[in-house]
Amino acid sequence: MLTPAESAAAWHRQELGRWLPTPPMAGMLLLDPGYTQDPTPDEFALAVEEQLARYEVHILGRFPKN
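What you are looking at is a predicted structure, and each value in this text was computed from that prediction instead of being measured.

Thresholds, definitions, all that
- Counting of residues starts from 1 at the beginning of each chain's written sequence and follows it residue by residue.
- Only residues with pLDDT of 70 or above have their local features reported here, since the model is predicted, and side-chain atom pairs are shown and tallied only from 80 upward, although totals for entire chains, interfaces and linings are computed over all residues.
- As a rule here, side-chain values come from all non-hydrogen atoms in the structure, and water together with hydrogens is ignored.
- Here a strand is any run of E in DSSP of at least two residues, a helix any run of H or I of at least four, and the numbering for each starts at the N terminus.
- Here, residues are in contact when the closest pair of their heavy atoms is within 4.5 Å.
- A patch is a set of surface residues, each over 30% in relative accessible area and not in a salt bridge, joined within 9 Å for like charges and within 5 Å for the nonpolar side chains Val, Leu, Ile, Met, Phe, Trp and Tyr.
- Methods summary: accessible areas were calculated by the Shrake-Rupley approach with a probe of 1.4 Å, and residue burial reflects only the protein chains presented.
- Each reported salt bridge corresponds to a side-chain nitrogen of Lys or Arg within 4 Å of a carboxyl oxygen of Asp or Glu.
- A simple rule labels every residue: compare its accessible area, found with a 1.4 Å probe on the protein chains alone, to the largest value its type can have, and call it buried under 20%, exposed over 50%, or partly exposed in between.
- By this rule the span expected of a helix is its residue count minus one, scaled by 1.5 Å.

Caption draft 1: Looking closely at the overall build of the protein. Broken down by element type, the protein carries 2 helices and 2 strands. Starting at the N terminus and walking to the C terminus, you meet the elements of the protein as α-β-α-β. Residue pairs at least 24 apart in sequence account for 84% of intrachain contacts in the protein once pairs closer than 6 positions are excluded.

Caption draft 2: Representation of the environment of Gly27 within the structure. Note that Gly27 resides in the loop between α1 (4-15) and β1 (28-32). For the pair Gly27 and Val57, spaced 30 residues apart in the sequence, the C-alpha separation amounts to 5.1 Å. When sequence neighbours within four positions are dropped, the list of residues in contact with Gly27 reads His58 and Leu60.

Caption draft 3: The arrangement of the side chain of Gln51 in detail. As for its placement among the helices and strands, Gln51 is situated in helix α2 (residues 43-54). Apart from residues no more than four positions distant in its own chain, Gln51 is found in contact with Pro4, Ala5 and Ala8.

Caption draft 4: Quick look at the environment of Glu49. Following the sequence through the fold, Glu49 ends up in helix α2. Sequence separation between Glu49 and Ile59 is 10 residues, and the spatial gap between their C-alpha atoms is 6.7 Å.

Caption draft 5: Here's a closer look at a nonpolar patch on the surface. On the surface, Leu29, Leu31, Leu60 and Phe63 cluster together to form a nonpolar patch covering roughly 440 Å² of accessible area. Its place among the elements puts Leu60 in strand β2 (residues 59-64).

Caption draft 6: A look at unusual backbone geometry. For Glu56, which is not glycine, the phi dihedral falls at a positive 60°. Mapped onto the elements of the fold, Glu56 is located in the loop between α2 and β2. A relative accessible area of 58% means that Glu56 is categorised as exposed.

Caption draft 7: Region of the structure containing α1. Between the first and last C-alpha of α1 there are 16 Å, a value that for 12 residues agrees with the 16 Å anticipated at 1.5 Å per step. Contacts from the buried residues of α1 go to α2. One or two positions beyond α1, positive phi appears at Gly17, with a value near 50°.

Shape is all these values report; function is a separate question.
Quick look at the structure:
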């Protein structure tokens, strides 16, 4: 089981690696297959988002994945 910090680091390494977007990313929009009327993330997801922000990857919103 990963901590939120480890999860954020693993995602960042896996998805972005050494790639640095130009211009820098302002954030991400998440596509969520489990989207409900209340898309409030759970406590772990919020902690991971906080850690991702340390990498300057901010979650801007969540949308249903069709």
